[in-house]
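# Topology and contacts: notes
Listed below, chain by chain, are the residues.
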Amino acid sequence: MTPKRKQRLIFVMVLIVGFGAAIGLALFAFQKNLLYFYSPSQIAESEVEAGQMFRLGGLVVEGSVVRQSDGITTEFDLTDTAGSIKVSYTGLLPDLFREGQGIVAQGKINQQGVFVAQEVLAKHDENYMPPEVAEALKATGAKHPASIPKTTIN
Amino acid sequence: MVAEIGQFTLIIALCLAIAQSTIPLIGAYRNNLSWMSVGRTAASGQFLFLFISFICLTYCFVTNDFSVLYVANNSNTKLPVYYQISAVWGAHEGSLLLWVLALAAWGFAVSIFSRALPADMIARVLAVMGMIGIGFILFTLLTSNPFERLFPAAIEGRDLNPLLQDPGLVIHPPMLYMGYVGFSVAFAFAIAALLSGKMDSAWVRWSRPWASIAWVFLTIGIGLGSWWAYHELGWGGWWFWDPVENASFMPWLVGTALIHSLAVTEKRSTFKSWTILLSIMAFSLSLLGTFLVRSGVLVSVHSFASDPARGLYILIFLAIVVGSSLTLYAWRANQFTSGGRFDLISKETMLLINNVLLVVAMITILVGTLYPLFLDALGLPKLSVGPPYFSAVFVPLMLPLVILMGIGPIAKWRRVPVKELFGKLKVLLLLGVALGIILPLAIYRDTTVMTAVGIAAAAWAILTALYAVLRLVIKRDSSTSFAKACSKIPRAMIGMVTAHVGIGIFILGVVFTSSFSDQKETSAKFGEEIELAGYTFVLESVSGVQGPNYQAMRGSVNVTKQGSPVAMLYPEKRVYTVQTNPMTEPGIQTGVFRDLYVSLGEPLNENEWGFRIYYRPFIQWVWIGTLLMALGGLLGAMDKRYRTLAKAEKKATNSNPVTQTTSA
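Residues numbered from 1 in each chain as written. Chains lettered and ligands numbered in written order. Predicted model: local features only at pLDDT ≥ 70, side-chain atom pairs only at ≥ 80, totals over all residues.

### Focus: the overall build of chain B
The following threshold applies: By definition, any uninterrupted DSSP run of H or I lasting at least four residues is a helix, any uninterrupted run of E lasting at least two residues is a strand, and each is numbered from the N terminus. In this setup the radius of gyration rests on C-alpha atoms only. A globule is expected at 2.2 Å times the number of residues raised to 0.38. Partly exposed residues are those whose C-beta has more than 12 but fewer than 20 other C-beta atoms within 10 Å; 20 or more makes a residue buried and 12 or fewer makes it exposed, with C-beta atoms placed from the backbone. Note that contacts rest on C-beta atoms placed from the backbone: two residues are in contact if these are within 7 Å.
Helices and strands together make up the secondary structure of chain B, namely 20 helices and 11 strands. Computed over C-alpha atoms, the radius of gyration of chain B comes to 27 Å, within 12% of the 26 Å expected from 2.2 N^0.38 for 664 residues, which places it in the range of a compact globule. Counting across all 664 residues of chain B, residues that qualify as buried make up 52%. Here the contacts in chain B between residues at least 6 apart in sequence split such that 75% fall between residues at least 24 apart.

### Quick look at the overall build of chain A
Scanning chain A from N- to C-terminus turns up 3 helices and 7 strands. Scored against the burial criterion, the 154 residues of chain A give a buried share of 31%. Taking contacts inside chain A between residues at least 6 apart in sequence as the whole, the part at least 24 apart equals 48%.

### Looking at the interface of chain A and chain B
Which entries qualify depends on this criterion: Throughout, the ten residues Ala, Val, Leu, Ile, Met, Phe, Trp, Tyr, Cys and Pro are labelled nonpolar, Asp, Glu, Lys and Arg are labelled charged, and all others, Gly among them, are labelled polar. For two strands to pair, DSSP has to find at least two bridges joining them.
Residue-level contacts link 32 residues of chain A with 46 residues of chain B. Ranked by the residues each element gives to the side of chain A that touches chain B, the list is headed by helix α1 (residues 3-33) of chain A, at 13 residues. Residues of the side of chain A that touches chain B, tallied by class, amount to 20 nonpolar, 8 polar and 4 charged. Pairing of strand β1 (residues 34-38) of chain A with strand β1 (residues 383-385) of chain B, which is carried by 3 bridges, proceeds in the antiparallel orientation. Counted as the bridge partner of A:Leu34 is B:Val385 from β1(B).

### Quick word on the packing of helix α1 (residues 2-30) of chain B against helix α3 (residues 38-62) of chain B
All names here are of chain B. For clarity, the threshold we go by: A fitted line through C-alpha atoms serves as each axis, taken over the contacting stretch for helices, and the angle formed by two N-to-C directions is quoted from 0 to 180°. For classification purposes, an angle smaller than 35 degrees is called roughly parallel, one larger than 145 roughly antiparallel, one from 65 to 115 roughly perpendicular, and anything else oblique. Crossings are sorted by hand: turned counterclockwise from the far helix by less than a right angle, the near helix makes the crossing left-handed, and turned clockwise it makes it right-handed.
The contact between α1 and α3 brings their axes to 8 Å, and the two run at 165°. Classified by the angle their axes make, α1 and α3 are roughly antiparallel. α1 and α3 meet at a crossing whose hand is left-handed. In the contact of α1 with α3, the residues fall into 21 nonpolar, 8 polar and no charged.

### Some points on the packing of helix α16 (residues 449-474) of chain B against helix α18 (residues 491-516) of chain B
Residue and element names in this part refer to chain B. Running from amino to carboxyl end, α16 crosses α18 at an angle of 165°, the nearest separation of the two axes being 8 Å. In terms of orientation, α16 lies roughly antiparallel with respect to α18. Between α16 and α18 the crossing geometry is left-handed. Residues Thr-451, Gly-454, Ile-455, Ala-457, Ala-458, Ala-461, Ile-462, Ala-465, Leu-466, Ala-468 and Val-469 of α16 pack against Met-493, Ile-494, Val-497, His-500, Val-501, Ile-503, Gly-504, Ile-507, Leu-508, Val-511 and Ser-515 of α18. Class assignment for the residues of the contact of α16 with α18 results in 17 nonpolar, 5 polar and no charged.

### A word on the nonpolar core
Where a protein is soluble and globular, its nonpolar side chains tend to be buried together. Our working rule: For this entry, the nonpolar core is defined as buried Ala, Val, Leu, Ile, Met, Phe, Trp, Tyr and Cys residues connected by C-beta atoms within 7 Å.
In this structure, B:Ala186 and B:Val254 are the most contacted members of the largest nonpolar core, which totals 189 residues. In this structure B:Ala186 touches B:Ser207, B:Trp210, B:Ala211, B:Ala214, B:Leu258, B:Ser279, B:Ala282 and B:Phe283, once residues within four positions along its chain are discounted.

### Looking at the confidence of the model for chain B
Atom-level detail of predicted coordinates should not be read off regions where pLDDT is low. All names here are of chain B. Applied cut-off: Per residue, pLDDT captures the predictor's confidence, and it can take any value from 0 to 100.
Looking at chain B, the pLDDT average stands at 88 and 95% of residues meet or exceed 70. pLDDT under 50 marks residues 300-305. Its contacts with residues more than four places away, or in other chains, come to 14 contacts. Confidence over residues 654-664 falls short of pLDDT 50; this stretch has 18 contacts with residues more than four positions distant or in other chains.

### Comments concerning the pairing of strand β6 (residues 102-109) of chain A
Residue and element names in this part refer to chain A. Bridge analysis of strand β2 (residues 54-60) against β6 gives 6 bridges, and the strand direction is antiparallel. Note that in β6 the partner of Gly-58 across the bridge is Ile-103. By the bridge criterion, 6 bridges tie β6 to strand β7 (residues 115-121) in an arrangement that is antiparallel. Counterpart to Lys-108 in the pairing with β7 is Val-116.

### As for helix α14 (residues 387-407) of chain B
Since one α-helical turn is 3.6 residues long, residues separated by three or four positions face the same way. As a reminder of what qualifies: Helices are assigned an expected span. That span is 1.5 Å times one less than the residue count.
Spanning 21 residues, α14(B) covers 31 Å between terminal C-alpha atoms, matching the ideal 30 Å at 1.5 Å per step. Along α14(B), the residues that are buried comprise B:Tyr389, B:Phe390, B:Val393, B:Leu397, B:Leu401, B:Val402, B:Met405, B:Gly406 and B:Ile407.

### Some details on the sheet that holds strand β11 (residues 608-617) of chain B
All names here are of chain B. Taken together, the 4 strands give an open sheet; going across it, the order is β2-β11-β10-β9, and neighbouring strands pair in antiparallel fashion. Whereas interior strands pair on both sides, the edge strands pair on one side only; in this sheet they are β2 (518-525) and β9 (587-589). Going across the sheet, the axis of each strand differs from the next one's by a mean of 20°, ignoring polarity. One ladder, built from 3 bridges, connects β9 with strand β10 (residues 594-605); its direction is antiparallel. Across the sheet, the residue bridging to Ile-588 is Tyr-597, located in β10.

### Concerning the confidence of the model for chain A
All names here are of chain A. Mean pLDDT over chain A works out to 75, with 76% of the residues at or above the 70 mark. The lowest-confidence element of chain A is helix α3 (residues 131-139), averaging 62 in pLDDT; the highest-confidence one is strand β5 (residues 84-90), averaging 91. Counting contacts from residues 124-128, a segment whose pLDDT is below 50, to residues more than four positions away or on other chains yields 11 contacts. Counting interchain partners and residues more than four positions distant, the pLDDT-below-50 stretch residues 142-154 has 21 contacts.

### What to know about the environment of B:Phe506
Residues and elements named next belong to chain B. Summarising the element assignment, Phe-506 is placed in helix α18. Residue classification places Phe-506 among the buried residues on the basis of 22 C-beta atoms within 10 Å. For the pair formed by Phe-506 and Asp-242, sequence separation is 264 residues and the distance between their alpha carbons is 20 Å. Among residues more than four places away in sequence, those in contact with Phe-506 are Trp-621, Val-622, Gly-625 and Thr-626.

### Digging into the environment of B:Phe8
Position of B:Phe8 relative to the elements: it lies in helix α1. Linking B:Phe8 and B:Gly386, residues 378 residues apart in sequence, is a C-alpha distance of 46 Å.

### Looking at unusual backbone geometry
Generally, phi is negative for residues other than glycine and the peptide bonds are trans, each holding for most cases. Residue and element names in this part refer to chain B. Residue Pro-152 is bonded to the preceding Phe-151 through a cis peptide linkage, with omega at -5°. Structurally, the position occupied by Pro-152 is in the loop between α7 (119-143) and α8 (167-196). If you check the backbone angles, Phe-618 has positive phi at about 55° while not being a glycine. Looking at the element boundaries, Phe-618 is found in the loop between β11 and α19 (619-637). Its 24 C-beta neighbours within 10 Å are what place Phe-618 among the buried residues.

### What about the pairing of strand β6 (residues 564-569) of chain B?
Judged from the 5 bridges that link them, strand β5 (residues 550-561) of chain B and β6(B) form a sheet pairing that is antiparallel. Bridge assignment links B:Lys561 to a residue of β6(B), and that residue is B:Ser564.

### Description of α1(B)
Compared with an ideal rise of 1.5 Å per residue, which puts 29 residues at 42 Å, α1(B) spans 42 Å between its outermost C-alpha atoms and is within 8% of the ideal. In the segment just after α1(B), B:Asn31 is the residue with positive phi, at about 60°.

### Structural notes on the environment of B:Gly94
Residues and elements named next belong to chain B. By the element assignment, Gly-94 lies in helix α6 (residues 92-113). Sequence separation between Gly-94 and Asn-145 is 51 residues; the distance between their C-alpha atoms is 8.4 Å. Among residues more than four places away in sequence, those in contact with Gly-94 are Leu-57, Tyr-70, Val-88, Trp-89 and Pro-146.

Structure, rendered in C-alpha cells:
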C-alpha cells in the first residue's frame, strides 16, 4: 500500500467509525427520549397509554386550582375547551402559573386517570401561549388570548 | 431627529457595504491595486457609520424618546440607566443592529491588523465580509428597523423584559455576537482562498488568530449565558439543552474543531480542504443559530417576536450563503495539495479523530434540535427531544475526546511509537484513575461508576496538560536555568495548556455538581428549620421592598451549619411595575466548593411560603473552567510568531508603509 493510500484508509476508517458510533448512539437515545405532545381531548379519545411519558398542554381551568394540605402539591384541571383532565403536581409552580393561563406539563397518567406532572412550564409573558397549546386550541375551534393581536402601548 | 440620523447612517453603511463587496473583488480579478484598496476604506467607513447609528439608538434610549417604537416597547423612564443602555440590544431590532456593528467591527479590525497581507487576499476577504454586511444591514432595514417611529408618541415605555434586567445580560449578547460574527472572518478567509486558489502557510498564519479570537468571544458569551440562566431563572440549573443554547453551542463545537484543524494545516500543511470546510460550517452554523433564534420557530426567552417574514429572509440568506460557498468548495477545493504524510498513530490522526468527534457531536445536537421543527413543518405529530437525549449522546462522544486530549499534545507529528506514548503516560493514567476513585469518596463518601469515570477524565485532562508543559522545563539542558527554560515556552503552548486545564476544571465542576447536588422544594413556616446537605435553613420573615421599577417581597433566610452562622440570604419575588410579571430572584451564597441557593415560591398563608433550596457543589468550577478555556485561546492567538511573521512580511512586501504592529 502506498503511503497516500494508507493515509486515505486512515481517514475513511476514522470517519466511518466516528459517524457509525454517532448514528448508533443517536438512534438509541432518540427512541428513549422523544416526548409526544397531546391535548386533553386527545387523551379523552384514549390515544395515550398509561405509564407513557408525554407532554400535555392546555389552559388552566378557572377556579380549579386546589392546593393540598402538604402545601406544595397542587391539583388543577387543564382544558383545550373540548376536553379536560385533572393534573397533579408536587413542587413549586412557575412564576407565571395562574388560572386561565396556557401551560405545558410533562409527566404520566396514573391508574386513576390523573396526569401526574413532573414538570410544569409557563412562560414569561402575560400574552404568551405555548404554540402547541395555541394550535391544540385552534384545532378545537376555541378562541384564546394569544389570538388577539398584540397592541402597542398607549 | 436623532432617530433619523441613525436610520440615515444605517443606509450609508449599506451603500459602503455594497462598494466594499464589489470594487475590491473586481480589483483583485483585474489586478488593479487602487480598486483593491477601496476595501479598507469602505470597511472603516462602514464601521464608523454603523457606530454612529448605534450611538443614535442608544441616545434615544437614554433620553427616553418614546416616539421611537422600539424604545417605547423596551424601555421605561424608571429603568436604571445601565439597563436602558443594555436594552438597546434587549430585543430583536436592536440586537440586529449590534450584530451588524459587530460584523463591521471585525471588518475594520481585519483592515487594520492585516496590512501586511497580500493586497489581493485582503481585497477578497473584505469583499466577502461586505457581502455578509449587505445581507444583514438589508435585513435590519427591511424587516426590523429599530428607528421606526411611533405616532402618537407613547407617554411611558413598556419596559425591558424583567428577565433581561440582570448584569449578565448586559455583556452576554455582545460577547456572543462577537463570537458568532467573528467566524465570518474565518469564513471570508476560506472563501478568499477558494477564489484565489492560494492556501499557503502565510494564509493559515493569517486566518488562525482570527478564528481563535472569535472562538474566545463565543466561549465567554456561552459561559455568560449559562451564568445568567443560573442566577436569573431561579431553578439552580446552568445548562438546559434548550434549542437556543444548542444554537450557540453548535458553532462552538465546530469552531473548536477548526482551531485544531488550523494547527495541523499550519504545521504540516495538510487537512487543507477540511479546514476550509470547517470554516464554512462554523459560520453557517452561526447563521443557522441566528435563524433559529430570530425567526420565532423556537420558543424561549431569546425568541423575541415571531415574524414569518424575518424567518424567511434569514432562511433564504442562509441558503444563499451555504449553497454558494459549498458550490465554490466543490468546484475549487480539490486544487489544494496535501503536504506531509502521517501514520496511524501520530498527532495528525489524533487531531483528525478530535475533529471527527467534535463534528459528530455537533451533528447529533443538530438532529435533536431540528428534528421536532422538521416534523412540525411536515404537519406530523408534535414532539420534543428531551435533555436526556443530549446527555446520552454527548457524554459518550466527549469521553474519548478527553482521553485523546491528554495524548495528543505530547504525541509527535507524522509517527509516534505506541510504546513511547504509553511509557510517558502510564503514571499519569494510573494517577488519574486513582483520583477518580478516591476524590468523590474522600469528599462525599459516595460515588458511582459514572462519577468516578468523570472525575478520572477531569484529572487526566489536567495532569496531562500540566505534564505537556512541565516536561519542557524538566528536560532542559543542564546549562539553561529554570527561569530561562520557563521563558522559552512558546505562548501558544501556554495557551493550549491553559485551555486544556480549563476543560478539566469544567468537567470536574460538571461531574461534581450533577452527582452530588441536593435540593428541596417545600413549604416553609417562618422560623421553621429545614435541613439540606448538612446546612440548616430558616426562613425568618418576608417583607415588602421597593425597587426602582419593581416591588418585591424579600425573604430573610438564615443559614447555619451545626449552630455556627454561614450566611444570610435574601431571595426576592419581584413584580415589575409595567409588565406586572412576577419574577423570582434567588438568594445565592457563592463558595469555591459549593453554592447555597434559595428562592421563594408563592405565599401559602400569612407566615408560610413555598420555598426552594439548592445545594450545588463545585458549580463555580463550570464557569472558572470556561474562563480558563477562553484565556487559553487568547494566549494562543497572541503567540509571538504571528507578530514576527507580520513584521517580516511587512518588510518583504514594503508596499504599505505603516508603523502599526499587528497583535492579533
